[in-house]
Amino acid sequence: MTSLVKEHEKLLLDEISMEIPKMILQTFSGLIRESGSEDERTAAHFLASLLNAWGVPHTLHNPTIYLSVPKTASVKTLTPELKSYRAKTPSFSVSTNGIPVAEELVYVPSAQATDRYDIFDAKVKEEVNDLTGKIVISEGLAMPEKVATFHDKGVLGAIFINPGKNIHDGICTTIWGAPDLDTIDDEPKIPVVAINKTDGEELKAMCQTGITMVELTTRLEKGWFECPLIDLFIEGAEEPEKYVLLHGHLDSWHVGIGDNTTGDAALMEMARIFYKHRDKLKRSLRIAIWPGHSTGRYAGSTWFADQFALDLDANCIAQVNCDSPGCRQATSYEKMDWTNEVEDHCKQAIYDAVQEEAKGKRPNRAGDYSFHNIGITSFYKLSSSIPQEQLEEKGYYPVGGCGSNIEWHTEDDLMHVADYEILRRDLRVYMTSIYRVLQANLLPYDFRKTADEFMETIRQYQEAAGEHFSFELAASEATVLRRSLEEFYSELQLLQMENLSSPAVREANEKLLQLGRTLIPINFTRRCKFHHDPAVQIPALPDIAPALQLAGLEPSSHRYRVTQNHLLRGQNRVVWTMKEAQKIIRVQL
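Residues numbered from 1 in each chain as written. Predicted model: local features only at pLDDT ≥ 70, side-chain atom pairs only at ≥ 80, totals over all residues. Heavy atoms only, no water.

(A) Molecular detail of the sheet that holds strand E3 (residues 83-85). Here we have 7 strands laid out as an open sheet, ordered E3-E2-E8-E4-E5-E6-E7, and mixed in their pairing. Here the strands that pair on one side only, and so sit at the sheet edges, are E3 and strand E7 (192-195). In this sheet, adjacent strand axes meet at a mean angle of 35° when their direction is disregarded. Bridging between strand E6 (residues 157-161) and E7 involves 4 bridges; their strand directions are parallel. (Pairing = 2+ DSSP bridges. Helix = DSSP H or I, 4+ residues; strand = E, 2+ residues; numbered from the N terminus. Axes fitted to C-alpha atoms, helices over the stretch in contact; angles between N-to-C directions.)

Here it is in structure tokens:
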């Protein structure tokens, strides 16, 4: 990094002020920004008025997106006693329209999330053969895989015991954004409710000691809603067609200060600063603020990914999510998200910005990460979090936002969740990380790390499959890819002193983008480019991940043969893709 870039970076960071964030938080503290609501429109127009005052070019889109908005829910025991319990229903639960569904209650254990990384991944613990015609009660949040599992077992409805005194709002569909013809029939087909831990334990004990009859009701409004989406573009001076996409969601559950008013405030402060100093940007910055995150399974970002897919494919050099920064006591950067190739860049940026060591993992299938199928390098999602030792001291369970504060997705996510000094720190992290990508002559992406991940993943899958399947072809190709990448990065070293205007540098950056477009999809997706995978957890190299189950199948069974066939096809995709990546980097720079 040159001395001039360092000087400009410091200038931008010194510009950070809490004046605008405080104004936004105060304004939003009186709004319930449910997607499709008047309050959401009020919030969007307020932010747009700030952009107008600053002269920032922007568009206020009004896409029509598919939402399911919860209204009311109830749970009542009929035997052994008549008693009502407070309840909520998640988005895309079947609406009973207030008509009770009554049946015997059966308890089925579920795995609880142990960390924010696996909050969307907890599954039903036990194989239960016959639940037909029952209502089940189980632990955890009403996540899509659990709901789908219970539906497949023939249940009439499901009750989920949340881990604390509050009931967390959520969504239970597996469909990412609006459905297409491949997913139109994949919405949940049972009514679902959530209750708190105390009530849940009471119900669980009741049905374990005798026959307990319960009834539940749900009421939701589902359909297509016109919602505001803010889209602004700050043009860089040297390569204006290439841009970083920075984004976060406008809508909220209830007031939603920590999820995501603080994020909206951060996005607007960054818009103000980067636009003011746009003459110091080599590349462009595009900022989008989404609707439909909460009640549409990322419907806003999915609409944007669809609407601007070809431009994103051609020009987006990275996507950066800003969700829940600046929350109370969230001083740790040890639970970050990034795709492997940008790990070193993120760690260095975080350390330089706030002098904190950072750790991260591959992004789980959540947030507004609607861009993996296109193959866009990605970093950050949730921001800083409460340190693990403090979480344990407080007895906090894992949540999916608010800096790990358990007010997440509840009526208690109010002003006390925000912390302006932590928001200032998080802004330094975001701005440093983004500015360095915008200014880098050579994009700071190291796909050798991706190849290393492939090699380790294939090794684990081979170990699990044993003699039942050979991944020798994939392992060999991954080794060749790693070697080719080493040669490629040696050639890039010769370009370090060149300017962005150099044709060789432009060509090298295009190769780095194409490596992402090629390698990221096979590591994060099953569906093809410009489509969206379901909102269930996707393992590394998902086409060959069934290797983990193969050895446990009966070798003479139909399932065993089908799994082998699946792995053969999956290995073909993985190997072919790695060969395509080698073609990209073997063309002479």
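More follows now that the structure is in view.
(B) Region of interest: the environment of Ala194. Within the secondary structure, Ala194 is located in strand E7. A relative accessible area of 6% means that Ala194 is categorised as buried. Separated by 365 residues in the primary sequence, Ala194 and Arg559 place their C-alpha atoms 35 Å from one another. Contact partners of Ala194, with chain neighbours within four places excluded, come to Arg86, Ala87, Lys88, Phe160, Asn162 and Ile167. (Buried < 20%, exposed > 50% of the residue type's maximum accessible area, 1.4 Å probe, protein only. Contact = heavy atoms within 4.5 Å.)

(C) The sheet that holds strand E1 (residues 58-61), seen in detail. The sheet built from 6 strands is open, its strands ordered E1-E9-E11-E10-E12-E15 with mixed pairing. Only two strands of the sheet have a single neighbouring strand rather than two, namely E1 and strand E15 (378-379). Direction of pairing for strand E10 (residues 239-249) relative to strand E11 (residues 283-290): parallel, over a ladder of 8 bridges. In the strand pairing of E11, Tyr243 is matched with Ser284. Running at roughly 155° to E10, helix H6 (residues 257-276) makes contact with strand E9 (229-234), E10 and E11 of the sheet. Those strands touched by helix H14 (residues 503-524) are E10, E11 and strand E12 (316-321), and its axis lies near 35° from that of E10.

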